[in-house]
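Here is what each chain is made of, one letter per residue.
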Amino acid sequence: MAQAHSLTLSPQVDEAIRSGAPVVALESTVITHGLPRSPRALGSEFCDAFREWDGDAPVNLACARACERAVRALGATPATIAILDGQVRVGLSDDELTALAALETPAKVSLRDLGPTIARRRSGGTTVAATTAIAARAGIRVFATGGIGGVHRGWRDTMDISADLRAVATNAVVVVSAGPKIILDLPATLEAIESLGIPLLGVSSRALPRFTVEPEATDSLPDCVKSAADAAEVATSHWRIVPHCGLLVFNACPAAFALRAESVERSLDAAFREARVRGITGAKTTPFLLAQLAGNAQGGLAALRANLALLISNARLAAQVAGSIAAMIGPHSGA
Ligand code: PSU
Ligand code: MN
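Predicted model, so just to flag it, every value in this text is computed and none were measured.

### Concerning the overall build of the chain
Piece 1. Regarding its fold elements, the chain presents 14 helices and 12 strands.
Piece 2. Taking 2.2 N^0.38 as the reference for a compact globule, 335 residues should give roughly 20 Å; the C-alpha atoms of the chain span a radius of gyration of 18 Å, in line with that estimate.
Piece 3. Seen along its three principal axes, the alpha-carbon backbone of the chain occupies a region of about 50 × 45 × 40 Å.
Piece 4. Burial status across the chain gives 56% buried among its 335 residues.
Piece 5. The long-range fraction of contacts in the chain, counting pairs at least 24 apart against all pairs at least 6 apart in sequence, stands at 73%.
Piece 6. Carbon and sulfur atoms form 52% of the exposed surface of the chain, whose accessible area is close to 14,300 Å².
Piece 7. Positive and negative side-chain charges in the chain, numbering 31 and 31 respectively, have mean positions lying 4 Å apart.

Structural data, given as structure tokens:
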């Protein structure tokens, strides 16, 4: 294990960063809080599209492994980021990944929780916000996740705006996601991204992807890239002028697995009602709403498939972007 700053890097990740080889950071709240902890049969269409999938493992572990395999298959090194017993880990062994996926009471570690979690020697999954900050500190330029946090519905009353956005605005990392989580106020989230000065790029389209749901019909993104190399070119150009700002790449959920908007609206209403009845607020909101949507009797399996499909697809794209950036800038000087 290599220590850089206060981070513990796996030998593979340490070597890749030192030599300037492409590395992709992967988030872990999705493992600890976002996915089922038992195996699930996902059907042959899914298994054919995603050969990385290992159907015998619990879904959360299988997903973490599949994302890592997808990254490796494209010549990059995966670095799953999490906190284990107070150690900030960048790159996990398969045993560590297995242990993380089985934690009984994992913490959801966002930016504000880093110090407390480390000092108290706790374990948990890092959110997009915390993962982005840790990746930047390690010298990793590209990060793949599912959906990003943003401005929550009802923000006028609650001020609930995810730390994800500010973290991307203040760390030079390309964050590849399938757009803002569908539970959010999407127009307000786009405005907040603009206010923070974060470049926002669609992939071959300026339609807004909506996490597990098919993209909007109208074009509302300011720009789009036509390839991973194009994204890398935009990122490195931005960093020459604004060196500490991240970029958002919105890669729509693979069309074969995306959910129809109409079918999701009804379950969304029910999920919000349930959250209100149970008094769910703050950091518990996002995991609760997503679990309600995923647990919905009809939509459940389709929502799960969509979520997994976009996670693996984002890991693939991120690996290609990391490859292009590595080819352009070579070894990172900051780590
Ligand atoms: N995926 C899930 N559940 C989650 C998250 C992802 O299924 O809780 C995390 C992501 O890591 C994202 C965070 O960064 O939720 C956003 O939460 P908040 O709105 O509290 O910032
Ligand atoms: Mn919040």
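### Observations regarding the pairing of strand S9 (residues 174-177)
Piece 1. The side-chain alternation of S9 yields two buried faces, one formed by Val 174 and Val 176 and the other by Val 175 and Ser 177.
Piece 2. Summarising the sheet, strand S8 (residues 142-144) and S9 pair through three bridges and their orientation is parallel. What sits directly across from Phe 143, in S9, is Val 175.
Piece 3. Here S9 runs beside strand S12 (residues 247-250); their pairing, made up of four bridges, is parallel. Looking across to S12, one finds that Val 175 is bridged to Leu 248.

### Considering the site of ligand 1
Piece 1. Near ligand 1 there are 13 residues, and of these Glu 27, Val 128, Ser 162, Asp 164 and Thr 286 occur at the shortest range.
Piece 2. Val 128 is positioned such that a nitrogen or oxygen atom in its backbone is 2.8 Å from an oxygen atom of ligand 1.
Piece 3. Where the shell around ligand 1 is concerned, the elements lending two or more residues are helix H2 (29-34) and helix H13 (285-295).
Piece 4. For the shell around ligand 1, the leading source of residues is H13, giving three residues.
Piece 5. Of the residues in the shell around ligand 1, the class split is three nonpolar, six polar and four charged.

### So, empty space enclosed by the protein
By rolling a water-sized probe across the atoms, one finds the places where empty space is left.
Piece 1. All chains considered together, the criterion is met by two cavities of 30 Å³ or more.
Piece 2. Its boundaries defined by the atoms lining it, the largest cavity holds a volume of some 170 Å³.
Piece 3. Looking at the largest cavity, it is lined by 16 residues, and the ones nearest its centre are Gly 20, Ala 21, Val 23, Gly 139 and Arg 141.
Piece 4. At the level of secondary structure, the elements contributing two or more residues to the lining of the largest cavity comprise helix H1 (11-19) and helix H14 (300-329).
Piece 5. Considering every element that reaches the lining of the largest cavity, the biggest residue donor is H14, with four residues.
Piece 6. Residue composition of the lining of the largest cavity, by class: 11 nonpolar, four polar and one charged.
Piece 7. Computed from the structure, the second largest cavity encloses a volume of approximately 110 Å³.
Piece 8. Lining the second largest cavity are 13 residues, with Leu 26, Glu 27, Val 30, Cys 67 and Leu 311 positioned closest to its centre.
Piece 9. For the lining of the second largest cavity, the elements supplying multiple residues, two or more each, are H2 and helix H4 (59-73).
Piece 10. Broken down by element, the lining of the second largest cavity gets its largest block of residues, four residues, from H4.
Piece 11. Residue composition of the lining of the second largest cavity, by class: nine nonpolar, three polar and one charged.

Rules and cut-offs
- Residues numbered from 1 in each chain as written.
- Chains lettered and ligands numbered in written order.
- Predicted model: local features only at pLDDT ≥ 70, side-chain atom pairs only at ≥ 80, totals over all residues.
- Heavy atoms only, no water.
- Helix = DSSP H or I, 4+ residues; strand = E, 2+ residues; numbered from the N terminus.
- Rg over C-alpha atoms; globule rule 2.2 N^0.38 Å.
- Buried < 20%, exposed > 50% of the residue type's maximum accessible area, 1.4 Å probe, protein only.
- Contact = heavy atoms within 4.5 Å.
- Areas by Shrake-Rupley, 256 points an atom, 1.4 Å probe, with all protein chains shown as cover.
- Lys, Arg positive; Asp, Glu negative; His and termini not counted.
- Charge placed at Lys NZ, Arg CZ, Asp CG, Glu CD.
- Pairing = 2+ DSSP bridges.
- Near = heavy atom within 4 Å.
- Polar contact = N/O pair within 3.5 Å; in protein donor to acceptor, adjacent residues only side chain to side chain.
- Nonpolar A, V, L, I, M, F, W, Y, C, P; charged D, E, K, R; others polar.
- 1 Å grid on protein atoms, 1.4 Å probe; cavity = no way out; pocket = protein on both sides within 12 Å on 5 of 7 lines; lining within 4 Å.
- Points joined across faces, edges and corners; volume = space filled by probe spheres on them.

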